[in-house]
Amino acid sequence: MVKICGIEKNSYAEKVGIMIGDELISVCGNEIRDVLDYRFYIMEKKITVEVERGGERLTFPIKKKDEYDDIGLEFETYLMDKKHSCKNKCVFCFIDQNPHGMRESIYFKDDDSRLSFFFGNYVTLTNLSDEEVDRIIKMRISPVNISVHTTNPELRCRMMKNPNSGTSLRYLQRFRDGEIMMNCQIVLCKGLNDGEELKKTLSDLCSFYPYVESIAVVPAGLTGHRDGLYPLEPFTKEDSIDVLDIINAQGDMNLAHIGRRLVYASDEWYLKAEREIPDQEYYEEYPQLENGVGMIRSMGDEVDEELEYLSEDGFELENERCVSVVTGEAAFGFIKECAEKIMERYPKLRCNVYCAKNKFFGGSVTVAGLLTGQDMLEALEGRELGEELFIPECSLRHERDLFLDDMSIDEFSEKLGVKVTPNENNGGAFVRDILGS
């Protein structure tokens, strides 16, 4: 049973008399264990809700609701129970590489299939049981985002340090047979799952098409806090070229046989290899954008489109404007190019772009999303900032108020003495923010 902690005003639940403090037992006779059960069984137009109140079981019929309407019950957590924690000890786990002294939530490792459905998180399958897989298939929970890393069972056990990680690969077959769509991720570790192992993994996963919709290959993130951990090495420029050749060879083969690439390299590989980012056609419909696949191309095209739109609309800057942008090492060159395009079109604009080196995490961490407030402060000390500073929105937690080092955005703004605005990863929004339009 799950305790009801709130009732939305004027909701179906309030109208039939369900109360705060009642404990939810079932919907339409189906036991409710968590949010997946709840969301699935309330989708009918006519339902019955059974609760327990003071030791007594009460049943409330709800009629004439729209099929997908919520009924207005609120619970202590959005999952209705605790998040499932990860049981693996992956040799590349980023959380194990966090420095000490950060807020407790940062050290929590989730591996929860429900978060895959609601928020697009990737799961390893090692937390799943046959019963839970049956439920996913029954409820048509699709797509499932899966961290595969390798289809070699023995290697997967070695990389994830969990004896169940090899046998759990059988769920890929179960999902395919159940016609559940999958997006897959491969975190690549030098000397482990690259080379011939990568070729095999890509070939195996592509054989599940069309139920495997996309596959992203990303490099393992290595911080400067790896004392006592598995000795992983960063990929060199030459390594990255080899990885790209493997990925794109498989993608070209897929394109010839099924009309889709299916396999994509994250932007980091192109930056490391010093190769040109592919055009929009390569990324098809950007199925792995949140995994860093095609972000640079997508944002660059959006910048061009927005500038063209503003030009056609006749927008002009009436007054001189000076602003600044700070970003990480990986995106610095690209963001600078975008700013130069905007300034070329609008000569009254001066946009300074500054690069912040990640000293907090160290190692080979160069992405903007892992910059801390202190790293950015250090990079901006004594710099001309203008009337407004734009920072990467992805460097803040979901509430947009704290950096990873627990510095608040208000404290950050106060220390610099300038208005600070988080900038989303969208080219159109970037142009409008920079211009103040």
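Now for a description of the structure that goes with this document. Fair warning: this is a prediction, and the values are worked out from it, not measured in the lab.

## Quick word on unusual backbone geometry
Link 1 in the chain: Pro143 follows Ser142 through a cis peptide bond whose omega is 0°.
Link 2 in the chain: Looking at the secondary structure, you find Pro143 in the loop between helix 4 (130-139) and strand 7 (144-147).
Link 3 in the chain: Backbone torsion omega between Tyr209 and Pro210 reads 10°, so that peptide bond is classified as cis.
Link 4 in the chain: Take Pro210: it is sitting in the loop between helix 8 (195-206) and strand 9 (212-219).
Link 5 in the chain: Non-glycine residue Cys28 carries a positive phi angle of around 55°.
Link 6 in the chain: Here Cys28 shows up in the loop between strand 2 (23-27) and strand 3 (30-31).
Link 7 in the chain: The residue Glu284 is not glycine, and still its phi comes out positive at about 55°.

## Considerations on the packing of aromatic side chains
Link 1 in the chain: Summed over the entire model, instances satisfying the criterion amount to eleven aromatic pairs.
Link 2 in the chain: Their ring planes at 10° and their centres at 5.6 Å tell us that Tyr283 and Tyr286 sit as a pair that is stacked.
Link 3 in the chain: With a relative accessible area of 15%, Tyr286 lands in the buried category.
Link 4 in the chain: Three or more aromatic residues joined by ring pairs form one cluster here, namely Tyr264, Tyr270, Tyr282, Tyr283 and Tyr286.
Link 5 in the chain: Against the face of Tyr346 rests Arg345, its NZ or CZ located 4.5 Å from the ring centre.

## Some points on the sheet that holds strand 7
Link 1 in the chain: Strands sit in the order 7-8-9-10 across an open sheet of four strands; the sheet is parallel. Each end of this open sheet is capped by a strand with a single partner; those strands are strand 7 and strand 10 (263-265). Ignoring which end each strand starts from, the neighbouring axes of this sheet average 20° apart.
Link 2 in the chain: Bridge analysis of strand 9 against strand 10 gives three bridges, and the strand direction is parallel.

The rules behind these values
Residues numbered from 1 in each chain as written. Predicted model: local features only at pLDDT ≥ 70, side-chain atom pairs only at ≥ 80, totals over all residues. Heavy atoms only, no water. Helix = DSSP H or I, 4+ residues; strand = E, 2+ residues; numbered from the N terminus. Phe/Tyr/Trp six-rings, centres within 6.5 Å; stacked < 30°, edge-to-face > 60°. Buried < 20%, exposed > 50% of the residue type's maximum accessible area, 1.4 Å probe, protein only. Lys NZ or Arg CZ within 6 Å of the ring centre and 35° of its normal. Pairing = 2+ DSSP bridges. Axes fitted to C-alpha atoms, helices over the stretch in contact; angles between N-to-C directions.

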